[in-house]
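The chain contents come next:
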Amino acid sequence: MGDPLTQADIDREIADIGAAVAKAVAAGEPEPERVTRDYPPYRSSLLRHPRHPLILTEEAEVELRGPVFGVTDVTDLDRDLTLHHTGEPLGERITVTGRILDRAGRPVRGQLVEVWQANAAGRYAHQRDQHPAPLDPNFTGTGRCLTDDEGRYSFVTIKPGAYPWKNHVNAWRPAHIHFSIFGTAFAQRLVTQMYFPNDPLFPYDPIYNSVTGEAARQRMIARYDHDLSSPEWSLGYRWDIVLDGPSATWMEEGR
Amino acid sequence: MKPTPSQTVGPFFGYALPQAGGGDLAPAGHPDAVVVHGHVYDGAGDPIPDALLEFWQADPAGSLTGKPGSMRRDHVDGSFAGRDGVRFTGFARVATDADGHWALRTLPPGAATPGRPPYISVCVFARGLLQHLYTRVYLEPGTDPLLASLDPGRRATLLATPESPGVYTHDIRLQGDGETVFLDFG
Ligand SMILES: [Fe+2]
């Protein structure tokens, strides 16, 4: 055990990894498109990633199909996180919408999208979150919906606050909404986080920077869309999601 | 199109994703129900109390059609209502306990491909894990191209261990000694 880990220590690690990626790209390697499971600046990843390479198998009949969800699995109110209590939550009311597509650009229809997030003060309604920011009795912060025939999802919520965590001294997460998405194949499963444009915390956050390609990081950021904003009511953000998955799910019809 | 990158499920998914009874995939009282249970461990051999496992499988006849209702909601108060106790949906979701333990109560899957041993597909999420991992649980002996390609030690990480009639144990190790085989589908 040495000195407590500082933001400067983490900044240096993030910069070193970034420099190595830039050098590889300059030498002709493609810019990374995916997250890096072994990303030491995010300390919790150290013991929680496999050291063996993944085993390639294209015999995946089960994984090329996936669970189905239907009208029994969501209620109409589930997509509006501001209506889950008797009063209105505090914070900046927003709508978040976009389309879920596969890598061929085809809409993912009728699939389940789940979200969870901190409240406007940066506190989760979870016992293990002990950040001394207020809980909001009118906000739980979980929502769900099914995509429509164009692959569209839509949520009404409040903008989450940034919050501290204990990766290192003075570690703060940029504001984000957690997303869970099912594709038509189990092999297309995605859990990720949606970020907001121009967050000043981006350079300091090891989780955001675990995606080491700049273009790939940009794909996690929603864009403000004034046409989605509603007069006297809410601000609009648009975020399209492309599900990764085996080539069988996007080169040809996948089954 | 370029994929949207993954990010960790984080520590606070517990009030959003799992539900009580999420691991009870077998219809209530079904005589063929089996239990598969175990722990999830990290690279130091410590149990992981904040992992989330998802299971997807064929029904006993080998059908992969699946059925809705895995996350049935109470349309009166908006809470989770649990499965309807009749239909086999093929999908289950279980968070590990404070001691890293999980349990799935299911019906043994049928063979999706005739002549190949059936398996339960598993997707692993955890705080600290930046992108989910896929693995499998095979309940019965048999071989297929994947199993045949692995050396016996690694193959064993995909095979459930019979514990008592209808009960199997199966641990998942994210790293280190006995590291579970994780899959890439190409
Ligand atoms: Fe979070």
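Residues numbered from 1 in each chain as written. Chains lettered and ligands numbered in written order. Predicted model: local features only at pLDDT ≥ 70, side-chain atom pairs only at ≥ 80, totals over all residues. Heavy atoms only, no water.

Trainee: Can you help me understand the overall build of chain B in this one?
Mentor: Secondary structure summary: chain B contains two helices and 10 strands in total. Ordered by position from N to C terminus, the α and β elements of chain B give β-β-β-β-β-β-α-α-β-β-β-β. Taking 2.2 N^0.38 as the reference for a compact globule, 186 residues should give roughly 16 Å; the C-alpha atoms of chain B span a radius of gyration of 16 Å, in line with that estimate. For chain B, the C-alpha atoms occupy an extent of roughly 55 × 45 × 35 Å along the three principal directions. Residues classed as buried in chain B amount to 55% of the 186 residues present. (Helix = DSSP H or I, 4+ residues; strand = E, 2+ residues; numbered from the N terminus. Rg over C-alpha atoms; globule rule 2.2 N^0.38 Å. Buried < 20%, exposed > 50% of the residue type's maximum accessible area, 1.4 Å probe, protein only.)

Trainee: Just to check I follow, could you spell out the coordination of the iron ion for this structure?
Mentor: Ideal geometry at a metal centre gives angles of 109.5 degrees when four donors are arranged tetrahedrally and 90 or 180 degrees when six donors are arranged octahedrally. Residue and element names in this part refer to chain A. Donor atoms from the polypeptide that coordinate the iron ion comprise Tyr124 (OH), Tyr163 (OH), His176 (NE2) and His178 (NE2), at 2.0 to 2.2 Å from the metal. Metal-centred angles of 90 to 159° between the four donor atoms at the iron ion mark the site as irregular. Sequence spacing of the donor residues for the iron ion, all on one chain, is Y-x38-Y-x12-H-x1-H. Placement of the pair is tyrosine 163 in strand 6 (residues 163–165) and histidine 178 in strand 8 (residues 176–181), with a sequence separation of 15 residues. Look at tyrosine 163 and you get buried, because its relative accessible area is 6%. (Donors = N, O, S within 2.8 Å, 3.2 Å for Na, K, Ca; no water. Tetrahedral: all angles 85-135°; square planar, octahedral: opposite > 155°, others 65-115°.)

Trainee: So what exactly am I meant to see when it comes to the interface of chain B and chain A here?
Mentor: Many structure descriptions define interface size as the accessible area lost when the parts assemble. Chain B puts 73 residues into the contact, and the matching count from chain A is 83 residues. Taking both partners together, chain B and chain A bury about 6,900 Å²; carbon and sulfur atoms supply 58% of that area. Summed over the shared surface of chain B and chain A, the number is eight salt bridges. Notably, a salt bridge pairs arginine 136 of chain B with glutamate 63 of chain A, separated by 2.8 Å at the nearest N-O pair. At the boundary of chain B and chain A, one finds 51 residue pairs in polar contact (both at pLDDT 80 or more). Among the elements of the structure, strand 2 (51–56), strand 3 (91–95), strand 5 (120–126), strand 6 (133–137), helix 1 (145–149) and strand 10 (183–184) of chain B are those that each provide at least two residues to the side of chain B that touches chain A. Counting residues per element, the side of chain B that touches chain A draws most heavily on strand 5 of chain B, which supplies five residues. Residue composition of the side of chain B that touches chain A, by class: 38 nonpolar, 20 polar and 15 charged. In this structure, strand 1 (residues 55–56) of chain A lies alongside strand 10 of chain B, joined through two bridges in parallel fashion. (Contact = heavy atoms within 4.5 Å. Buried area = accessible area lost by both parts, 1.4 Å probe. Salt bridge = Lys/Arg side-chain N within 4 Å of Asp/Glu carboxyl O. Polar contact = N/O pair within 3.5 Å; in protein donor to acceptor, adjacent residues only side chain to side chain. Nonpolar A, V, L, I, M, F, W, Y, C, P; charged D, E, K, R; others polar. Pairing = 2+ DSSP bridges.)

All we've got here are geometric facts, nothing functional implied.
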